[in-house]
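This is what each chain is made of:
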Amino acid sequence: MRLARKFTLALVLLAVAVISGLQYIQVRRELERSALDMQLDHRLLGHTLAGAIGKAWQLAGEREALTLLHQSNRFQEQVHLRWVWLDGGPGTPPMGSFPPRLLAALRSGMDGSMVDPSPEPGLLHSYTPVVINGTRLGAIEITESLGEQRMHVRTVVMGTIAATAAITLAFLIAAMAMGRRLVGEPVQQLVQLADRIGRGDLTARVRLPQKRGDELTTLASAMNRMGEQLEETRARLASETAARLSAVDHLRHADRLTTVGKLASGVAHELGTPLNVVMGRAKMISSGEAEGEEVGECANIISQQAQHMTGIIRQLLDFARRRPLQRATEDVQELVERSLSLLRPMASKRSVALEAQVPAGLAVEVDGGQVQQVLTNLVMNGLQAMKRPGTLRVRAVEERAAPPEALGGPVADYVRLDVEDEGEGIPADVLPHVFEPFFTTKDVGEGTGLGLSVSYGLVRDHGGWIAVRSEPGRGSCFSIYLPRGGS
């Protein structure tokens, strides 16, 4: 409503200025008219008396003429009459107080007047020249107090002020009502609409009568269309986001299954030994070679080996199973050992030793399956990069670090998992592209180029990142940064 009040105030100030100007002009005209009427009255009275005084002067002499003038004061309550000589002869009053222009006009036979402000509220002196016997020049002085004129002026001014105040008040009330109806209420509705849209309520609409046909109606229609378009865009974005998330989930699961396929040969080799033991003990029982207590011992051995094989298969199936993101407190040492246990057969075939250097008691709040997938991808890449026997190490340390500039964020506590191999290393020109989707330097059939990209996405979902350092011929080190206590 502040806009409506400002609009109303501006209109009222403009109206007051215009009305005040008009009233000022009217008061000035009234004052000028009042002064002119007073002078005209004096002139009329002066000329009327001038004829009578001149006649009496000729017929009865000076004494009778002046007596007639003095007697006229009895019938004039507002004015005072007296005779003055203007020719400088006997009886002429001092002319020092007369304005020179007035004296010159009177001596030329013209009427004149002047205002004497010294006695409050001031006196108006009017003079009507009279020639006596053709020899001497005198004048009838008519004096009137300006008190009534001042009272008249005060009355006119007070009336003007009262009228201006009344008009201003009426205009203010009308302007406030019109401003509220034409500006205030529509603007308030538009503000509420913008606030609701800002809070995410894209179904909000404002309805202003189309017959108004003003800019606020146009703005309301534009904001309604904006809300509709935003609602459509949000629905489309939600649909696209859901589709992208589903695609990412499928992609991550496909990468997990690809990893399972790579692990299958190693798992099959791992199952070979217990299967041979089971078959051998079963033959001893069926052929009768085992008798007495040996039968029970063989049965126990078969049971143990079956449990061992079941554990291996369950571990592989757990790794391959799709499940939603579920964060929980995970012991880093157990998480690393669980990941390496699936990879030891593959590492053994390549004559590579897997070494874990993880302090006890270190924990993070993560989805264990997803972090295991990341570790598995990085360890498998390290194994494939090692063309000769060696050692692949997985270390864990606590570190206070700042995220990369591309991610942003304050310095915080992280758990850093290093996967360090003794492979061929990564060329400097390839290093910036290793996390790009479908980028791979492996031979056809050995990789899809998604492993590192998927791994980076999984770590980013946990509020961390993956850093890499490598030197051709001396191996690579991939460092996983996970927030201490989760994100």
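Here we summarise the structure given alongside this text. Everything quoted here is computed from the prediction, not taken from an experiment.

1. What to know about the environment of A306
In this structure, A306 sits in helix α6 (residues 293-320). A sequence separation of 28 residues divides A306 from V278, and the C-alpha atoms of the two residues are 7.7 Å apart.

2. Details of the sheet that holds strand β2 (residues 112-116)
Pairing is antiparallel in the open sheet, where four strands are placed in the order β1-β4-β3-β2. Strand pairing shows two members of the sheet lacking a second neighbour, β1 (79-85) and β2, which therefore form its edges. On average, each strand axis in the sheet is inclined to that of its neighbour by 25°, with strand direction left out of account. Bridging between β2 and strand β3 (residues 123-132) involves five bridges; their strand directions are antiparallel. Along β3, the bridge assignment pairs S113 with S126. Across the sheet, helix α2 (residues 62-72) touches β1 and β4 (136-145), and the angle it forms with β1 is around 155°. Strand contacts of helix α3 (residues 100-107): β2, β3 and β4, with the helix running at about 150° to β2, the strand carrying the most contacts.

3. Regarding the packing of aromatic side chains
Across all of its chains, the model carries six aromatic pairs by this definition. Both rings, one in W83 and one in W85, keep their centres 5.4 Å apart while their planes meet at 80°; by these two values the pair is edge-to-face. W83 sits in the buried class, given a relative accessible area of 12%. A network of ring pairs unites the aromatic residues W57, W83 and W85 as a single cluster.

Rules used in this analysis
Per chain, the residues get numbers from 1 upward, laid out in the order the sequence is written. Per-residue local features of the predicted model are confined to residues with pLDDT of at least 70, and side-chain atom pairs are confined, for both listing and counting, to 80 or more; whole-chain, interface and lining totals are unaffected and use all residues. To obtain the side-chain values, all non-hydrogen atoms of the structure were used and water was disregarded. Where helices and strands are cited, they refer to DSSP runs of H or I of at least four residues and of E of at least two residues respectively, numbered from the N terminus. Here the rule is simple: two strands pair whenever DSSP picks up at least two bridges between them. Axis definition: a line fitted to C-alpha atoms, limited for helices to the stretch in contact. Angles are taken between N-to-C directions and run from 0 to 180 degrees. Contacts between residues were defined by any pair of non-hydrogen atoms, one from each residue, lying within 4.5 Å. Note on aromatic contacts: the rings of Phe and Tyr and the six-membered ring of Trp form a pair at centre separations within 6.5 Å, being stacked when their planes are under 30 degrees apart, edge-to-face when over 60 apart, and tilted otherwise. Only protein chains enter the accessibility calculation, which uses a 1.4 Å probe; a residue is then buried when its area is under 20% of its type maximum, exposed when over 50%, and partly exposed in between.

Treat this as a map of the structure, not an account of what it does.
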